[in-house]
Amino acid sequence: MKTISPFARPLYVFLKPVGAHCNLACDYCYYLEKSRLYPQTQRQMLSEELLEQFIRTYIQSQTMEQVLFTWHGGEPLLRPLSFYRQAVRLQQKYGRGRQIDNVIQTNGTLLTDEWCEFLHENQWLVGVSIDGPQHLHDPYRHTSTGRPSWEQVMKGIRLLQKHRVEWNAMAVVHRQNAEKPQEFYHFFKEIGCQYLQVTPLVERVVRQPEGSRLAHLKDEDATVADFTVTPEQWGRFLCEIFDEWVRHDVGQFYLTLFDCTLANWMGVPPGLCAYSKECGHAGVMEFNGDVYSCDHFVFPPYRLGNIRQQTLVEMLYGERQQAFSRLKHTSLPRQCRECEWEFACHGECPRNRFMRDAYGQPGLHYLCEGYRRYYAHVAPYMDYMKNELLNDRAPARIMDYLKKHPDGLC
């Protein structure tokens, strides 16, 4: 298999120790139905043998001293603590002095004192999925029997805080909470969140006789799901929370999207693949060793192979994955290529590019108009913060400027 130099960029893999299994059944979850990829396997759990093989080969595939493990789901806390204690032992065994970091993404409902003691002791970073205050979170995030989850999530967050575990929040912006940007923003500040990643909810549905399923990019007969945020909502939501952030919270409360915007303004790689020129930086390994191009492209055409037959380097630096990565930029339609904000947006995630542009070309992002409104709105503020950084000054100085000039920049 043709490969390129693994020194080009770090190798990242999201590991799915329980596959798509989860104790919740959120209406908009794109991963729950992935269990259907393996109908012959009832117990979709990563074996200890495959865990050891992954940890060994993952560490051996790295070219840097720091190695980052990302535990994802489904709900990874469905595996017992003994599984993760074994993972730490294996990391120490094969790490040979390297710095090993771990990030685990959870819905927060299964956290206990014992879990939090382990997470603190081993310095794991925890990402908690929560969509805002209770009346904005519970409509879509519930159990399979419809029971709400917010109170259990908040209990988990309080346990993380009690045990001094470092945590971030990951919020999905849907049709309901997009209407309450100020309430949404202040909620996260009030619960002590310091790092927040917001992801716009865009899903389409294919209706079939046996029931509906979430669509993938090539489904042409799909319709936008009712809970999807509209382009107008998304643009207004971002502008409103940005106005609050830029006046009061720069350098104190971190929103990943704003950080990515400033990074692209500076001409440096952003922290999220959605806003990068190319994607494919992080693959996914399912419970059985199958490796896919991306967490949002766990479909048969994007299966790169299996860790039992191929190395991670072959799969994630091979020509198929490189072609997948390049396609993010090369498939942009004419409207994107002519857009003044292309350098900041890069067309966002390809999974949501199912619209036609002004020239009739396919590949325009569903939320394009919302993003255009956002970038036009933040441009003078990004210019100001960029200038501060170029002159070795803190971008947070913009808050002092805006106190003296409350009408803002234009």
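Here, every reference points to the structure presented above.
This one's a predicted model, so the numbers in the text were calculated from it and none came from an experiment.

Trainee: Quick one: what's the story with the pattern of salt bridges, residue by residue and with numbers?
Mentor: Going through the model one piece at a time under the given rule, you end up with 17 salt bridges. We note a salt bridge from Lys189 to Asp249, for which the minimum N-O separation is 2.9 Å. Of this pair, Lys189 sits in helix 6 (residues 181-190) while Asp249 is found in the loop between helix 7 (231-248) and strand 10 (254-255), placing the two residues 60 residues apart along the sequence. With a closest N to O distance of 3.1 Å, Arg303 and Asp290 form a salt bridge. Taken together, the residues span a long stretch of sequence, with Arg303 in strand 13 (residues 303-306) and Asp290 in strand 12 (residues 290-292) at a distance of 13 residues. The exposure class of Asp290 is buried, given its relative accessible area of 6%. Beyond isolated ion pairs, a larger network of salt bridges with shared partners links Glu179, Glu232, Arg236 and Arg373.

Trainee: Quick one: what's the story with helix 3 (residues 113-121), residue by residue and with numbers?
Mentor: Restricting attention to buried positions, one finds in helix 3 the residues Trp115, Cys116, Phe118 and Leu119. Mapping the buried residues of helix 3 onto a view down its axis gives an arc of 160°, with all of them on the same face. In the core, the buried residues of helix 3 are packed alongside helix 2 (81-95), strand 3 (99-106), strand 4 (125-129) and helix 5 (150-162). Of the residues one or two after helix 3, Gln123 is the one with positive phi, at around 60°.

Trainee: Can you break down the nonpolar core residue by residue, with the values?
Mentor: Grouped together as the largest cluster of nonpolar side chains are 98 residues, with contacts concentrated most on Phe54, Trp71, Phe188, Leu196, Trp234 and Leu312. The element contributing the most residues to this core is helix 13 (residues 368-390), with eight residues. If you look at the next biggest cluster of nonpolar residues, it comprises eight residues, including Tyr28, Tyr140, Val172 and Leu201.

Trainee: Requested: an account of the environment of Asn23, with residues and values cited.
Mentor: Tracing the chain through its elements places Asn23 in the loop between strand 1 (12-15) and helix 1 (48-61). Sequence separation between Asn23 and Tyr84 is 61 residues, and the spatial gap between their C-alpha atoms is 18 Å. With residues up to four places along the chain from it excluded, the contact list for Asn23 reads Glu75, Leu78, Asn107, Thr109, Leu110 and Thr143. Side chain to side chain, Asn23 and Asn107 meet in a polar contact 2.9 Å long.

Trainee: Could you give me a rundown of the side chain of Gln44, with the residues and numbers involved?
Mentor: Counting through the fold element by element, Gln44 comes out in the loop between strand 1 and helix 1. Within the structure, Gln44 has its side chain in polar contact with the backbone oxygen of Ser35 (distance 3.1 Å). Excluding its chain neighbours within four sequence positions, the residues that come into contact with Gln44 are Pro17, Val18, Gly19, His21, Ser35, Tyr38 and Phe287.

Trainee: Give a detailed account of the packing of helix 7 against helix 13, specifying residues and quantitative values.
Mentor: Relative to each other, helix 7 and helix 13 sit at 20°, their axes nearing to 6 Å. Relative to helix 13, the element helix 7 is oriented roughly parallel. Crossing of helix 7 against helix 13: the hand is left-handed. Contacts between helix 7 and helix 13 pair Pro231, Glu232, Trp234, Gly235, Arg236, Leu238, Cys239, Phe242, Asp243, Trp245, Val246 and Arg247 from the former with Glu369, Gly370, Tyr371, Arg373, Tyr374, His377, Val378, Tyr381, Met382 and Met385 from the latter. Each residue belonging to the contact of helix 7 with helix 13 can be placed in one class, and the counts come to 13 nonpolar, three polar and six charged.

Trainee: So what's going on with the state of the cysteines? Residues and values would help.
Mentor: Counting across every chain of the model gives zero disulfides. Counting only cysteine sulfurs, Cys273 is the nearest neighbor of Cys279, a cysteine outside any disulfide, at a range of 6.4 Å. The class for Cys279 is buried, based on a relative accessible area of 7%.

Trainee: Can you explain the pairing of strand 1? Please cite residues and give values.
Mentor: Here strand 1 shows a buried face lined by Val13 and Leu15 and an unburied face lined by Tyr12 and Phe14. Here four bridges tie strand 1 to strand 11 (residues 282-285), and the two strands are oriented parallel to one another. What sits directly across from Leu15, in strand 11, is Met285. Bridge analysis of strand 1 against strand 2 (residues 66-71) gives two bridges, and the strand direction is parallel. Looking at strand 2, one finds that Phe14 is bridged to Thr70. Read as a crossover between parallel neighbours, the route from strand 1 over helix 1 to strand 2 is right-handed.

Trainee: Now, about the packing of aromatic side chains: what can you tell me, with residues and values included?
Mentor: Using the criterion set out here, one finds 41 aromatic pairs in the structure. Between the aromatic rings of Phe242 and Trp245, the centroid separation amounts to 5.6 Å while the plane-to-plane angle is 45°, which identifies the pairing as tilted. One end of the pair is Phe242 and the other is Trp245, both in helix 7 and three residues apart, which spans about a single turn. Classification of Phe242 by relative accessible area gives buried; the value is 0%. Seen from their ring centres, Phe258 and Tyr374 are 6.2 Å apart, and the 20° between their planes marks the pair as stacked. Here Phe258 is found in helix 8 (residues 256-266), whereas its partner Tyr374 is found in helix 13, with 116 residues between them in sequence. Note on accessibility: Phe258 and Tyr374 belong to one class, buried. Looking at Arg204, its charged tip hangs above the ring of Phe354, at a distance of 4.3 Å from the centre.

Conventions adopted
Residues numbered from 1 in each chain as written. Predicted model: local features only at pLDDT ≥ 70, side-chain atom pairs only at ≥ 80, totals over all residues. Heavy atoms only, no water. Salt bridge = Lys/Arg side-chain N within 4 Å of Asp/Glu carboxyl O. Helix = DSSP H or I, 4+ residues; strand = E, 2+ residues; numbered from the N terminus. Buried < 20%, exposed > 50% of the residue type's maximum accessible area, 1.4 Å probe, protein only. Arc of directions from axis to C-beta. Contact = heavy atoms within 4.5 Å. Core = buried A, V, L, I, M, F, W, Y, C linked by side-chain atoms within 4.5 Å. Polar contact = N/O pair within 3.5 Å; in protein donor to acceptor, adjacent residues only side chain to side chain. Axes fitted to C-alpha atoms, helices over the stretch in contact; angles between N-to-C directions. Parallel < 35°, antiparallel > 145°, perpendicular 65-115°, else oblique. Left-handed = near helix turned anticlockwise from the far one by under 90°. Nonpolar A, V, L, I, M, F, W, Y, C, P; charged D, E, K, R; others polar. Disulfide = S-S within 2.5 Å. Pairing = 2+ DSSP bridges. Right-handed = clockwise from strand over helix to strand, strands pointing away. Phe/Tyr/Trp six-rings, centres within 6.5 Å; stacked < 30°, edge-to-face > 60°. Lys NZ or Arg CZ within 6 Å of the ring centre and 35° of its normal.

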